[in-house]
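Residue strings, one per chain:
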Amino acid sequence: MTDLFEILHGTRAMRRLKPDPVPDALILRILRAGTAAANGGNTQRWRFLVLKDPARKRAVQAWYKKAYDEVIGPRYASSPPPPGADAAKYARQHAAVEYLTEHFHEAPVWIVACLLEDKPTRWSGASIYPAVQNMLLAARALGLGSTLTTRHLLFEAEAEAALGLPPGAHSYAILPIGWPMGRFGPVGRGPLAEITYLDDWGRPWEAAKGE
């Protein structure tokens, strides 16, 4: 794929991934795309842990599953479908989330997106999440599946210890990367007019109607 807008509108979360190996050359292309992103002051405090070690991934997956069992699973069970989805689509999403929970450690490669900072602030993510999105788009362009997940941060200290992060290095996302089991398709979102205002908060923007 080379069309930017086709990639943007087709980069859905792919949570069912094959355990088949992914060539290092493709992971390097994804990482290089990440480093093309904007970051505060061009300080480039980002660091990327490429994780393949099965034992370390399994140790993190234990906390990932605990977060699902105690927080994420109950939240899905009690929440209505989000904008752009119906009950059936939401049920499929929940099933995919549950699948990823059980098979998280089987994704052949993880990219753990981190920042070097002593005290994270509200604006810290502006220096790492653009890189994360670039990597997701690059993976999609290469035919690889991934999803942005931050669930391990519900047990931040434990998960980061399992990841082996040193003091001053903080994880902001884990991207499990692999060849997708399913097919890519358009993302499901609600109408643009429902989330876009003109000049005054809550004032509809006529141009957004039908978008």
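The structure we're discussing is the one just above.
The rules behind the values
- Residues numbered from 1 in each chain as written.
- Predicted model: local features only at pLDDT ≥ 70, side-chain atom pairs only at ≥ 80, totals over all residues.
- Heavy atoms only, no water.
- Helix = DSSP H or I, 4+ residues; strand = E, 2+ residues; numbered from the N terminus.
- Expected span 1.5 Å × (residues − 1).
- Bend = angle between axes of the 7 residues up to and from the residue.
- Buried < 20%, exposed > 50% of the residue type's maximum accessible area, 1.4 Å probe, protein only.
- Contact = heavy atoms within 4.5 Å.
- Phe/Tyr/Trp six-rings, centres within 6.5 Å; stacked < 30°, edge-to-face > 60°.
- Lys NZ or Arg CZ within 6 Å of the ring centre and 35° of its normal.
- 1 Å grid on protein atoms, 1.4 Å probe; cavity = no way out; pocket = protein on both sides within 12 Å on 5 of 7 lines; lining within 4 Å.
- Points joined across faces, edges and corners; volume = space filled by probe spheres on them.
- Nonpolar A, V, L, I, M, F, W, Y, C, P; charged D, E, K, R; others polar.
- Axes fitted to C-alpha atoms, helices over the stretch in contact; angles between N-to-C directions.
- Left-handed = near helix turned anticlockwise from the far one by under 90°.
- Parallel < 35°, antiparallel > 145°, perpendicular 65-115°, else oblique.

**A closer look at helix 3 (residues 54-78)**
Next up, step 1: Given a rise of 1.5 Å per residue, 25 residues ought to cover 36 Å, and the 33 Å separating the end C-alpha atoms of helix 3 matches this to within 8%.
Next up, step 2: Where helix 3 bends most, at Tyr68, the angle is about 50°.
Next up, step 3: Within the sequence span of helix 3, burial applies to Lys57, Val60, Gln61, Tyr64, Ala67, Tyr68, Ile72, Gly73 and Tyr76.
Next up, step 4: As for helix 3, its buried residues are in contact with strand 1 (46-51), helix 4 (87-103), strand 2 (109-116), helix 6 (156-163) and strand 3 (169-177).

**Things to note about the packing of aromatic side chains**
Next up, step 1: Taken as a whole and assessed by the stated rule, the structure comprises six aromatic pairs.
Next up, step 2: Considering the side-chain rings of Trp63 and Phe155, the 5.5 Å spacing of their centres and the 40° angle between planes classify their relative orientation as tilted. With Trp63 in helix 3 and Phe155 in the loop between helix 5 (129-141) and helix 6, this residue pair connects regions lying 92 residues apart in the sequence.
Next up, step 3: By way of ring pairs, the aromatic residues Tyr64, Phe104 and Trp110 are connected into one cluster.
Next up, step 4: Between the NZ or CZ atom of Arg140 and the centre of the ring of Phe184, over which it lies, the distance is 3.7 Å.
Next up, step 5: The residue whose ring lies beneath Arg151 is Tyr64, and the NZ or CZ to ring-centre distance is 3.8 Å.

**Describing empty space enclosed by the protein**
Next up, step 1: Under the criterion given, the structure shown has one cavity of 30 Å³ or more.
Next up, step 2: Size it by volume and the largest cavity reaches roughly 50 Å³.
Next up, step 3: Around the largest cavity, the lining residues are Arg15, Leu17, Tyr99, Leu100, His103, Glu106 and Ala107.
Next up, step 4: Here the residues of the lining of the largest cavity are counted per class, giving four nonpolar, one polar and two charged.

**Structural notes on the packing of helix 2 (residues 24-34) against helix 5**
Next up, step 1: At their nearest, the axes of helix 2 and helix 5 sit 7 Å apart, and the two run at 145° to each other. Remark: the crossing between helix 2 and helix 5 carries right-handed chirality. Along the contact surface, helix 2 presents Ile30, Leu31, Ala33 and Gly34, while helix 5 presents Ala131, Asn134, Met135, Ala138 and Ala139.
Next up, step 2: Grouping the constituent residues of the contact of helix 2 with helix 5 by class yields seven nonpolar, two polar and no charged.

**Concerning the packing of helix 3 against helix 6**
Next up, step 1: In contact at an axis separation of 8 Å, helix 3 and helix 6 are set at 175° when each is read in the N-to-C sense. By the angle class used here, helix 3 and helix 6 are roughly antiparallel. Along the contact surface, helix 3 presents Arg56, Ala59, Val60 and Trp63, while helix 6 presents Glu158, Ala159, Ala162 and Leu163.
Next up, step 2: Among the residues forming the contact of helix 3 with helix 6, the class breakdown is six nonpolar, no polar and two charged.

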